[in-house]
Number of protein chains: 2
Amino acid sequence: MHYADFLQQRITETSPVCVGLDPVIAKLPEGIAKDIGGVKDFCIGIIDAVAADAAAVKPQLAYFELLGWEGMKVFFEVCEYAKKKNLVVIADGKRNDIGSTCEAYADAYLGKNSPIDALTVTPYLGSDGVAPFMERCAKNDKGIYVLVKTSNESSGDLQDLPIGDEVVHEHMAQLVESWATQLLGAKGNLSAVGAVVGATYPEESRYLRTLMPHVPFLIPGYGAQGGTAEDAALGFLPDGTGAIVNASRSILYASKGKDWQEAASKATKTMSNELLKVIAKK
Amino acid sequence: MHYADFLQQRITETSPVCVGLDPVIAKLPEGIAKDIGGVKDFCIGIIDAVAADAAAVKPQLAYFELLGWEGMKVFFEVCEYAKKKNLVVIADGKRNDIGSTCEAYADAYLGKNSPIDALTVTPYLGSDGVAPFMERCAKNDKGIYVLVKTSNESSGDLQDLPIGDEVVHEHMAQLVESWATQLLGAKGNLSAVGAVVGATYPEESRYLRTLMPHVPFLIPGYGAQGGTAEDAALGFLPDGTGAIVNASRSILYASKGKDWQEAASKATKTMSNELLKVIAKK
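Computed from a prediction, not measured in an experiment: that's the story for all the values here.

A.B. asks: Can you tell me about the overall build of chain A, naming the residues and giving the values?
C.D. replies: For chain A, the count of helices and strands is twelve helices and ten strands. Its C-alpha atoms give chain A a radius of gyration of 18 Å, within 12% of the compact-globule value 19 Å for 282 residues. Counting only C-alpha atoms, chain A reaches 55 × 45 × 40 Å along its principal axes. Out of the 282 residues in chain A, the part that is buried amounts to 65%. Taking contacts inside chain A between residues at least 6 apart in sequence as the whole, the part at least 24 apart equals 75%.

A.B. asks: Outline the packing of aromatic side chains, supporting the account with residue identities and numerical values.
C.D. replies: All names here are of chain A. Using the criterion set out here, one finds 15 aromatic pairs over all chains in the structure. Relative to Y109, the ring of F75 lies with its centre 6.4 Å away and its plane at 80 degrees, an arrangement referred to as edge-to-face. With F75 in helix α4 (residues 68-84) and Y109 in helix α5 (residues 99-110), this residue pair connects regions lying 34 residues apart in the sequence. Across the pair, exposure class does not vary: F75 and Y109 are buried alike.

A.B. asks: Can you explain the relation of the copies chain B and chain A? Please cite residues and give values.
C.D. replies: For the pair chain B and chain A, the superposition axis carries a translation of 0.0 Å, the fit reaches an RMSD of 0.0 Å, and the rotation angle comes to 180 degrees. A rotation of that kind, with that shift, is consistent with a two-fold axis. A shared binding surface is used by both copies, with 100% of the interface residues of chain B retained as interface residues in chain A.

A.B. asks: Can you tell me about the confidence of the model for chain A, naming the residues and giving the values?
C.D. replies: Mean pLDDT over chain A stands at 96; residues scoring 70 or higher make up 100%. Both confidence scores are given for the complex: pTM 0.97, ipTM 0.97.

A.B. asks: Lay out the sheet that holds strand β8 (residues 193-197) of chain A with the relevant residues and their values.
C.D. replies: All names here are of chain A. In space, the eight strands of this closed barrel follow the order β1-β2-β3-β4-β5-β8-β9-β10, with parallel pairing throughout. If you compare each strand with its neighbour and ignore which way they point, the axes differ by 30 degrees on average. In this sheet, β8 lies alongside strand β5 (residues 143-149) in parallel orientation, the contact comprising five bridges. Across the sheet, V146 pairs through a bridge with A195, a residue of β8. Where helix α8 (residues 168-180) meets the sheet, it contacts β5 and β8, and its direction lies at approximately 160 degrees from that of β5.

A.B. asks: Lay out the pairing of strand β3 (residues 88-95) of chain A with the relevant residues and their values.
C.D. replies: Residues and elements named next belong to chain A. Of all eight residues in β3, eight are buried; the element is thus mostly enclosed. In this sheet, β3 lies alongside strand β2 (residues 56-59) in parallel orientation, the contact comprising two bridges. In the sheet register, V57 faces β3, and the bridge partner there is V89. Bridge count for β3 against strand β4 (residues 118-121) is three bridges, and the pairing is parallel. In the sheet register, R95 faces β4, and the bridge partner there is V121. One crossover worth recording links β3 to the parallel β4 by way of α5, and it is right-handed.

Scoring rules and cut-offs
The written sequence of each chain sets the order in which its residues are numbered from 1. For this description, chains carry letters from A and ligands carry numbers from 1, given in the order in which they are written. With the structure being a predicted model, the display of local features is reserved for residues of pLDDT at least 70 and the display and counting of side-chain atom pairs for 80 or more, all residues being used for whole-chain, interface and lining totals. Only heavy atoms go into the side-chain values, all of them from the structure, while hydrogens and water stay out. Here a strand is any run of E in DSSP of at least two residues, a helix any run of H or I of at least four, and the numbering for each starts at the N terminus. Radius of gyration: C-alpha atoms only; globule rule: 2.2 Å multiplied by the number of residues to the exponent 0.38. The classification of residues rests on relative accessible area computed with a 1.4 Å probe and restricted to protein chains. Under 20% of the type maximum is buried, over 50% is exposed, and intermediate values are partly exposed. By definition, residues are in contact when any of their heavy atoms lie within 4.5 Å. Between rings of Phe, Tyr and Trp, where Trp is taken as its six-membered ring, a pair exists when centres lie within 6.5 Å; planes separated by under 30 degrees are stacked, by over 60 edge-to-face, and by other angles tilted. Alignment of the copies relies on least squares applied to C-alpha atoms, considering only residues that score at least 70 for pLDDT in both. Note on scores: pLDDT gives the predictor's confidence for each residue, bounded by 0 and 100. Strand pairing is defined by DSSP finding a minimum of two bridges between the two strands. Comment: axis = line fitted to C-alpha atoms, over the contacting stretch for helices; angle = value between 0 and 180 degrees taken between N-to-C directions. Whether a crossover is right-handed comes down to one check: with the strands pointing away from the viewer, does the path from the first strand over the helix to the second run clockwise; if it does, it is right-handed.

In structure tokens form, the structure reads like this:
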């Protein structure tokens, strides 16, 4: 199934919540070993806790790479497990390169037999750095999320630089929309090419939604980073589809006690309810 | 020793050549197994062949990630081996993220006991996405190379967008220079903060050199991508220091026969001679 159709189906069945898997050994809850084995147990426990209420999980590669090759082994095991639970699996790697190197990244994460459904991609290198990922999207029913306007404080250093009447991230949004229209799903309204648009810049989100009508949004910055459900809702299409909202720490570490799975499940349900309520008003 | 001092010492002892380690199983030469074990043997054989004539090696993470966690295991083994041979080890990962995620990448590759000396970094996220790497540079004597103007055809999609009287990559160059002056080496002329500036855009290289006088350049695009020694020389400082020039395919795959090590050594010596001749004329 085309990535956009799978994503939308999964959102309809569950909610627009994406749970970021950012496992940090020092933060692992009570009852979990403080080592790589514990990281795996924790991620699997979180997946079990949230699979009924979240559309997607987003394992963050950096936290697994920090644990060396053993961490990468756990990363792929966690992705396989999430895939079996029918979650949309988004590898957050912000990969970027050109030519045959970019093809290596694309095959590494978006290959035919990969448990990963989509990968985040950084666009500094231009279309050469995106085309090989798009090829795998088309061939293997995968997706990408291109960074457009990120949630961090200094995102404007580059992304808000003025180019004539617009700014860099608006220009990037138009490029992403032009790529997106080449890879539309069966319903024709959404693409396999998505965008990362932070919830912490609501005005920008509203405008970027109009510039990228065919682009699924991955919205970080909700919760711990300060974005509200109302802010995140600005990234949805008028019919309430077309976006998922990520939360990591507020779900993963909702409790440090033995009730961490219950707490993660509850935090996911609360977030889902908050989002669905606000989106329904659109 | 500060990264810039170590780099310059190594260039003086050998040459400004950096050998890119982009191992592709299908391209491995005669006598090497066509599997992950072969990738390791090949990389180690190349390191042995070039260590006397090259300042640095640049293992490209994508090619190791393509081989899954076993590939990552080989990646770290290859880095350890290169480090023992006293080469400058530059991990080409183009990593980028923010906050605690960026810190995880920084600790993963630029930690105190890491065999890696420097990492390539993509600046789309602004200074938040660079500061954690700079902290490790300061603390652990490591370096980074920030993408400024890349060697590929579509690099202008974003990097050449006009901002007032300048373009994005010129603006980025000024940011990189401002970061660089915070992390100067013992001699005070070069920083641990470097820049990637492609040899395929000579006019831009010449100007970028003036915008970033304290920044070591990592220059890709030589050889297979079309950049000449004359083009690459534009990235050096007037005294002939301050840059390394990367070649991957033209050295790695100089011969597909049993003489691949000899051929790689010869290609490195030839490149070194070409560069030193042109730099001497500056």
